[in-house]
Amino acid sequence: MRAKLQQLREANGYTQQTFSAAVGTSRSHYSQIETGDKQPALRLALRIKRVLNYYGDDIFDNTMPVRK
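Residues numbered from 1 in each chain as written. Predicted model: local features only at pLDDT ≥ 70, side-chain atom pairs only at ≥ 80, totals over all residues. Heavy atoms only, no water.

A. Highlighting the nonpolar core. Counting residues in each nonpolar core, the largest one holds 14 residues, and the members touching the most others are Leu5, Phe19, Val23, Ile48, Leu52, Ile59 and Phe60. Every element with two or more residues in this core is listed here: helix 1 (3-11), helix 2 (16-23), helix 3 (27-35) and helix 4 (42-51). With four residues, the single largest contributor to this core is helix 4. Ignoring anything within four residues of it in the chain, the contact list for Val23 reads Leu44, Arg47, Ile48 and Val51. (Core = buried A, V, L, I, M, F, W, Y, C linked by side-chain atoms within 4.5 Å. Buried < 20%, exposed > 50% of the residue type's maximum accessible area, 1.4 Å probe, protein only. Helix = DSSP H or I, 4+ residues; strand = E, 2+ residues; numbered from the N terminus. Contact = heavy atoms within 4.5 Å.)

Now the structure itself:
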């Protein structure tokens, strides 16, 4: 799980439902991003970082295997 992403979301007072609405995606899609099952598209990743006021590069890890 992307613990940092979850911690930042919770520290900013968001539930998965309210946060997914704030960034413009479904709760189920956001949940899959937070658990590491999916990687966000660049546009969504930037919206997530902007809503969280987070400017570091380590919010998303690269644990997903590369698809061939």
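B. Up close: the pattern of salt bridges. Evaluated as defined, the whole model comprises two salt bridges. Here Arg9 ties to Glu10 by a salt bridge, and the two come within 3.8 Å at their closest N and O atoms. The class for Glu10 is partly exposed, based on a relative accessible area of 45%. One salt bridge in this structure joins Glu34 and Arg9, with 2.8 Å as the shortest N-O distance. With Glu34 in helix 3 and Arg9 in helix 1, this pair connects stretches of sequence that are 25 residues apart. Residues Glu34 and Arg9 agree in their burial class; the two are buried. (Salt bridge = Lys/Arg side-chain N within 4 Å of Asp/Glu carboxyl O.)

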